[in-house]
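In case you want the letters, here they are:
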Amino acid sequence: MVEATAEVWHAQHEVHEHHGPQGVLKYLWSTDHKVISMQYLFTGMFMAVVGGFMAYVFRMQLAFPGSSVPGFGIVSPGEYNSLVTNHGSIMIFWVAMPVLIAAFGNFLIPLMIGADDMVFPRINRLSFQVFFISALVILGSLFVEGGGFGGAWTAYPPLSAKGVYNQTPLGATLWLIGVALEFVAFLLGGINFITTLMNARAPGMKAYDIPMVCWMIVIASILFMLSVGPLIAGAVMLLFDQTLGTGFYDPAMGGDPVLWQHLFWFFGHPEVYVVMLPAIGITIDIVATFARKKLFGYKLMLYTTVATGVLSFFVWAHHQFISGIDPRMANVFMVTTLLISVPIAELMFVIIATLYGGSIRLATPMLWALAFIAEFLIGGVTGIFLGASGADIYFHDTYFVLAHFHYTFFPIAIIGTFAALTYWFPKMFGKMMSDKLGKIHFWGTIIPFNFIFIPLFVLGMGGQHRRIYNYQHFPDLAGADFQRLRIIATVALLVMLAFQLVFFYNFIRSLLRGEKAPKNPWNANTLEWTTESPPPHGNWPPDQMPKVYRGPYEYGRPDRESDFWPQDEPA
Amino acid sequence: MATESAAHEIEQRPEPVSRPKILADGVMGMLLFVFAEIMMFAGLISAHRIVRSQVAGEMWPPYGQPRLPVQETAVNTAALLVSGIVLVFAHLAFKKEASRARLPILIALLLGLFFVGSQGAEWVALLGEGLTIQSSTYGGFFYLIVGAHGLHAIAAILALGWASFELYKGRLTGSQLATVSVFWYFVVLLWPVLYLIVYL
Ligand code: HEM
Ligand SMILES: [Cu+2]
């Protein structure tokens, strides 16, 4: 009876061309969630290299102003602006989102809930195709006449709205179109993730049996879908201002430039949680597995996350404390901002409580997960200073802000990704990664990371503003002690970038010559570890689709011989 | 619940049978899409309200700009609302016997076409009176918001047209009809709100 249900369900999905094209086309035109995940992953990794190269160029300019940067040449002010703008945009929209949400969401959700694919495989494929075009558009925008857009990733008008101000009419419009296409791709992806989690779970998998990382990716998708609408509206208005000569943001024509800031940050703040939640989910799953301990407070965590999500829609104006908003409104947003640090802290405490008393194994994925907690905490704590509107009058638009959000984004987009990659690599590619190289890469990334951004906190407190091409033009900021800190940051960046070669070496070497991965190398409970590594097309043989008998975190139970208890093992 | 939180208690569960499903996949996906769309229109509406509230002396429409044809559009509004009601009947008919839904779906489609057509005529007239997207933020928001709705209406007509074609071929399933209708209802129910805000 049960077998039959699984089979019927599988048969329904057969219509979605499960035996699609062969050969190279199989990889370009596939609807298999694992292939689409790889497409997102490799596109995201490529874009990360592009974004990293940009950071290298502008950090060199800041440390050694005016000198020729190896591999790039002399950096002009316009190029500098374009580099910082596109670095930020690429890292958030073309690295953090595609890798954390799309790549891992696509790979993990069907496998972890015991489905053979997403519920809308063709929409999934369309999502990647639109995303791929958006990546081409943003890359192309760097090479058009006038150069890439240089008006900051937040694209405030009037600078972004008028070619005569930003000097990059074509670059600005292409940037906007690229971002808009990327949103379309993630809308399609989000619909898929949410519907799949709601409708395609394995028989027996109740709401509280869903692995946290799936919940987190899906809650992130919900936040994205609810917050992106106003920004799309705002982006269309900006596009019209740029190309049709409307005046939505032009005070001379009766428009309002601060309106954009509201529409942007109404999306922008939830967006930071959109990328944060998947990384937290990854950390949770890894911590539970490597501490061999049941997750402390599953429901607490879930409800806390939902509360964070709701609250995240009411904090946006903390980015606008000095944009001329009403001070009474600033007070309201200060309170909500300070409030939202409470659930974030709670998530951290729950993870730490899970570690307490566990039998911790410090494999590479666990190191990354622990580093995530340590580094992200610094980012979260510095956010509280910025959220206090009085302090923010001074801190706004300084390197303190920049260091704050790099202490959140770097742990999320880079540490979280490496945690996930090293943990699921055996499942994704069927090979084990080298733990030794992994640890070298880990320390070679974490130590320089702190040397990059702690000096930037100091510079920010010293009053160094963001988005300035050459500090030598500002007597107050041109001193040798300041310059020394800038050089430390840049050198640390070079070291960190160099250590990424270890990762790429490890990645490729493991793919080619790595030890063959068993089904369940980490003795984990969740369903993806019950199938082959890598999983076959359809994930499980149709007659062996898994069924679920318990929650995902039954580790180290005293009443059992083995210290784990897979979700699909009959009681 | 209590058993789950007690860490080491073994919970006895009945043998799992089937995959839990909340709603048909298509309907659920469409609902999610509609939520995102509602937020987009919420963004447009709040932008409109904010800009309008900043006009000195609430001169809206601003000096020299034409008034919008409130009465004519009320007729369109009524036509669109009726199309929504007709589609509800189409659903009921479909449940009894699929082919009985043909006529009501056709009527809904024609009403939708009438709506889009007369909105188009209205645009032509207004353009002639000097209301353009550049002439003022008043004109800008009018064409932006009404245009965005118009595009959705056209998309809804195409979708319902496809459904009605499938119905004639005898291939339309209940959940396909439901998916398309969710979008249609969205277009219908959104319009009165926009009418109130943009026209009145
Ligand atoms: C504990 C929670 C957090 C609080 C209280 C907080 C607070 C703030 C505040 C008040 C600002 C505005 C500073 C200014 O521009 O003057 C800010 C900026 C920023 N935060 Fe956070 N934040 C938190 C968490 C996060 C997280 C988790 C992320 C990223 C995933 C993040 C990313 C950013 C970014 C990107 C900016 C700067 C945007 C820009 O101006 O370019 N924050 N944060
Ligand atoms: Cu924020």
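Only a predicted model underlies this, so the values are computations on that prediction, with no experimental measurement involved.

### Description of the coordination of the copper ion (ligand 2)
Residues and elements named next belong to chain A.
Phase 1 of the analysis: Those donors, His269 (ND1), His318 (NE2) and His319 (NE2), are the protein atoms that reach the copper ion (ligand 2), and they lie 1.8 to 2.1 Å from it.
Phase 2 of the analysis: Between consecutive donor residues of the copper ion (ligand 2), the sequence gaps follow H-x48-H-H.
Phase 3 of the analysis: The two metals, the copper ion (ligand 2) and the iron atom of ligand 1, are separated by 4.6 Å. Pair noted here: His269 is in helix H9 (residues 257-291) and His318 is in the loop between helix H10 (298-311) and helix H11 (327-355), with a separation of 49 residues, a long-range link.

### Considerations on the packing of aromatic side chains
Phase 1 of the analysis: In the structure shown here, the tally under the stated rule is 68 aromatic pairs over all chains.
Phase 2 of the analysis: Seen from their ring centres, Trp123(B) and Phe142(B) are 6.3 Å apart, and the 50° between their planes marks the pair as tilted. With Trp123(B) in helix H4 (residues 102-128) and Phe142(B) in helix H5 (residues 137-169), this residue pair connects regions lying 19 residues apart in the sequence.
Phase 3 of the analysis: Between Lys299(A) and the ring centre of Tyr208(A), over which it is positioned, the NZ or CZ distance is 4.6 Å.
Phase 4 of the analysis: One residue, Arg550(A), lies across the ring of Trp565(A), its end atom 3.7 Å from the ring centre.

### Overview of the site of ligand 1
Residue and element names in this part refer to chain A.
Phase 1 of the analysis: In the region of ligand 1, 25 residues are neighbours, and Trp153, Asp392, His396, His404 and Arg466 sit closest.
Phase 2 of the analysis: Within the side chain of Trp153, one N or O atom sits 2.9 Å away from an oxygen atom of ligand 1.
Phase 3 of the analysis: Listed by contribution, the elements that provide at least two residues to the shell around ligand 1 are H9, H11, helix H12 (364-387) and helix H14 (399-429).
Phase 4 of the analysis: In the shell around ligand 1, the residues fall into 12 nonpolar, 10 polar and three charged.

### Things to note about the coordination of the iron atom of ligand 1
Phase 1 of the analysis: Exactly one protein atom donates to the iron atom of ligand 1; that atom is His404(A) (NE2), 2.1 Å from the metal.
Phase 2 of the analysis: Assignment of secondary structure puts His404(A) in helix H14.

### Topic: the confidence of the model for chain B
All names here are of chain B.
Phase 1 of the analysis: Chain-level pLDDT for chain B is 90 on average; 94% of the residues reach the 70-or-more range.
Phase 2 of the analysis: Per-residue pLDDT stays below 50 along residues 1-7; that stretch engages in 12 contacts with residues further than four places along the chain or on separate chains.
Phase 3 of the analysis: Interface scoring of the predicted complex returns ipTM 0.91; its pTM is 0.92.

### Remarks on a nonpolar patch on the surface
Phase 1 of the analysis: Together, Ile222(A), Leu226(A), Ile22(B), Leu23(B), Leu31(B), Phe35(B) and Ile38(B) give the surface a local cluster of nonpolar side chains, amounting to about 550 Å² of exposed area.
Phase 2 of the analysis: Here the nonpolar patch gets three residues from one element, more than from any other, and that element is helix H2 (residues 25-53) of chain B.
Phase 3 of the analysis: In this fold, Leu23(B) is placed in the loop between helix H1 (2-5) and H2.
Phase 4 of the analysis: Take Leu23(B): its relative accessible area is 35%, and that puts it in the partly exposed class.

What counts and what doesn't
Residues numbered from 1 in each chain as written. Chains lettered and ligands numbered in written order. Predicted model: local features only at pLDDT ≥ 70, side-chain atom pairs only at ≥ 80, totals over all residues. Heavy atoms only, no water. Donors = N, O, S within 2.8 Å, 3.2 Å for Na, K, Ca; no water. Helix = DSSP H or I, 4+ residues; strand = E, 2+ residues; numbered from the N terminus. Phe/Tyr/Trp six-rings, centres within 6.5 Å; stacked < 30°, edge-to-face > 60°. Lys NZ or Arg CZ within 6 Å of the ring centre and 35° of its normal. Near = heavy atom within 4 Å. Polar contact = N/O pair within 3.5 Å; in protein donor to acceptor, adjacent residues only side chain to side chain. Nonpolar A, V, L, I, M, F, W, Y, C, P; charged D, E, K, R; others polar. pLDDT = per-residue confidence, 0-100. Contact = heavy atoms within 4.5 Å. Patch = residues over 30% accessible without salt bridge, like charges linked within 9 Å, V, L, I, M, F, W, Y side chains within 5 Å. Areas by Shrake-Rupley, 256 points an atom, 1.4 Å probe, with all protein chains shown as cover. Salt bridge = Lys/Arg side-chain N within 4 Å of Asp/Glu carboxyl O. Buried < 20%, exposed > 50% of the residue type's maximum accessible area, 1.4 Å probe, protein only.

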